[in-house]
Amino acid sequence: MKEVYGFLKRHFKGSLLRPDDAEYPDARRIWNGLAARRPGLIARCRDSSDVQAAVRAATSASVLTAVRCGGHSLAGFSSCDDGLVIDLSPMRKVQVYPEARSARFEGGCLLGSIDSATQTVGLAFPAGVVSHTGAAGLVLGGGTGWLSRLHGLSCDNVRGFKVVVADGSLVRANATENADLFWALRGGGGNFGVVTEFEVTLHPVSSVLFGRGICPGDEVLGLLRHWREFMPEAPDNLRWGFSLKTASHDENIPADLRGCPIASASALWVGDLEEGRRYVDHAFSVGNHRAVTKEVLSFGALQTLADSDFPHGRRYYTKAGYFKTLNDESIAVTLEALATNPSVANEIELAYLGGAAARVAPGETAFGSRNAPFVLNLLGNWSDSADDAANISWIRGLFVRLRPAMVPGVYVNFMSGDENDRVPEAYRERWERLRAIKTIYDPNNFFHLNQNIPPIAPATTDIPR
Ligand SMILES: Cc1cc2nc3c(=O)[nH]c(=O)nc-3n(C[C@H](O)[C@H](O)[C@H](O)COP(=O)(O)OP(=O)(O)OC[C@H]3O[C@@H](n4cnc5c(N)ncnc54)[C@H](O)[C@@H]3O)c2cc1C
């Protein structure tokens, strides 16, 4: 690491933080407290040439290297013990081109920085639902959110990338330049290099209609039966989904439901508000919902609604998968599991994707499954390390019970760090092509702190694991 530090001292414009530096304790923090690490050096890059210098220094010294944007990887891939973190957090510039309905943003942006810039001209980039999430990790893995049914995944809305590959060169990837890399970066995660700039398509979105409510546990089966039949025919403008959980004892939960199994429902309409009212009303007309609210919100307000539900530093663990159809037994299993749920913050998230995201042909991007619309995400969320084992084993146990009804496939951004064996399953028929492209751009698997796609014939250079 001394060698890397010495080189960067001479060739780097950003800041270099080592464990004894005052800023280090804050700088090393990543979102998931369960995945905390202590890197030997954090290189906070100011621009692409800093990224190039860091990649060159780390490859020539064979130093374990993590790349960080928002630090929200559930697996904790954006940090490492003792190695180097190439931290893009100072690189958060966003330029919006309203006429072209496009934007360019740097590789360290959070979703909130993009929304703030694009909303000033009434445009939006389809991305995730929590504004403190990093854009780079989210977009490179695929990117689902409120607008996915209407406008596709985040990666479907990328026009081009600038990326520093493993030999330190800065290359462009778009439909006409390095088209294979362009394909791989849309879903293939951080495997191919450090993206320093994204060029993306924006869509006009300003006000949305958003409803929320709480469905008591004994009504959930009926509600989900209705939902699973309704969604395949629903307009793309509607995003209706659920989080099954144990109700907390918060004031906003009706007193008789506190501590009980519930489905927290949300229904979003993007488009003509009068038409939307019919759909949002319909969503809350089934299942005897309580504490229902329906409001017209700015898109910016929608994008920050869930921010405080997922604070930095708590302990998180996830397992996810897809259902082609959602059967009664799977619903019953999830409800039953809530009886032994160790944390009120744990969630069983059920979304229906479909829409524009499903209409992109399977080979068009590297992103995995698009043909199984029911997305399940089991998200463990607790605060005390003493409860790690109970929460992790609850998630794992529930996943094992649900797995037989799932189809093969998983979204790489909803995976934990112990699921290496599922990465080929995530990419399936795209796997060999991804490995071939990886072999071209990163033959020694330098970028391996990610849901890893190994090169076909790893070279002999010693890359630390
Ligand atoms: C609170 C929360 C909400 C979420 N909501 C959604 C959601 O609505 N929709 C959704 O699809 N996902 C969501 N996710 C999952 C999210 O997509 C992933 O956690 C994603 O990795 C976050 O990106 P990041 O940049 O913050 O991650 P980081 O931890 O910084 O990085 C994640 C991975 O990407 C790589 N990487 C980071 N920056 C770059 C770069 N510039 N170039 C190349 N590789 C890079 C890293 O090396 C690492 O492998 C959410 C996660 C959290 C924690």
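Scroll up a little and you will see the structure.
This section reports on the structure supplied with the text. Remember, it's a predicted structure, so these values are computed and weren't measured experimentally.

What about the side chain of Glu106?
Inspection of the secondary structure assignment puts Glu106 in strand S6 (residues 102–106). Under the relative-accessibility criterion, Glu106 is labelled buried at 15%. The contact partners of Glu106, leaving out residues within four places of it in the chain, are Met91, Arg92, Lys93, Thr196 and Glu197.

Re the sheet that holds strand S2 (residues 41–44)
Ordered by their spatial adjacency, 4 strands build an open sheet running S1-S2-S4-S3, and the pairing between neighbours is mixed. Bordering the open sheet on either side are strand S1 (15–17) and strand S3 (65–68), each of which pairs with just one other strand. The sheet shows a mean angle of 20° between the axes of neighbouring strands, taken without regard to direction. Pairing geometry for S2 and strand S4 (residues 84–87), over 4 bridges, is parallel. If you follow Ile42 over to S4, its bridge partner there is Val85. Contacts between helix H1 (residues 2–11) and the sheet are confined to S1, S2 and S4, with S2 contributing the most and set at about 25° to the helix. Where helix H3 (residues 48–60) meets the sheet, it contacts S2, S3 and S4, and its direction lies at approximately 165° from that of S4.

Here's the deal with empty space enclosed by the protein
The final tally for this structure, using the stated rule, is 2 cavities of 30 Å³ or more. By volume, the largest cavity amounts to about 40 Å³. Lining the largest cavity are Leu224, Phe323, Leu326, Ser330, Ile331, Thr334, Leu350, Leu376 and Leu402. Per-element accounting of the lining of the largest cavity gives the leading share, 3 residues, to helix H11 (residues 328–337). Classifying every residue of the lining of the largest cavity gives 7 nonpolar, 2 polar and no charged. Taken as a whole, the second largest cavity holds about 30 Å³ of empty space. In terms of lining residues, the second largest cavity is bounded by Gly141, Gly187, Tyr322, Phe367, Gly368, Val410, Tyr411, Val412, Ala426 and Tyr427. Class assignment for the residues of the lining of the second largest cavity results in 7 nonpolar, 3 polar and no charged.

Description of unusual backbone geometry
A positive phi is found at Asn288, a non-glycine position, where the angle reads about 50°. Residue position: Asn288 is located in the loop between helix H9 (273–283) and strand S15 (290–298). At Arg428, a residue that is not glycine, the phi angle is positive and equals roughly 45°. In this structure, Arg428 sits in the loop between helix H14 (423–427) and helix H15 (431–441).

Rules used in this analysis
- Residues numbered from 1 in each chain as written.
- Predicted model: local features only at pLDDT ≥ 70, side-chain atom pairs only at ≥ 80, totals over all residues.
- Heavy atoms only, no water.
- Helix = DSSP H or I, 4+ residues; strand = E, 2+ residues; numbered from the N terminus.
- Buried < 20%, exposed > 50% of the residue type's maximum accessible area, 1.4 Å probe, protein only.
- Contact = heavy atoms within 4.5 Å.
- Pairing = 2+ DSSP bridges.
- Axes fitted to C-alpha atoms, helices over the stretch in contact; angles between N-to-C directions.
- 1 Å grid on protein atoms, 1.4 Å probe; cavity = no way out; pocket = protein on both sides within 12 Å on 5 of 7 lines; lining within 4 Å.
- Points joined across faces, edges and corners; volume = space filled by probe spheres on them.
- Nonpolar A, V, L, I, M, F, W, Y, C, P; charged D, E, K, R; others polar.

These figures capture arrangement, not role.
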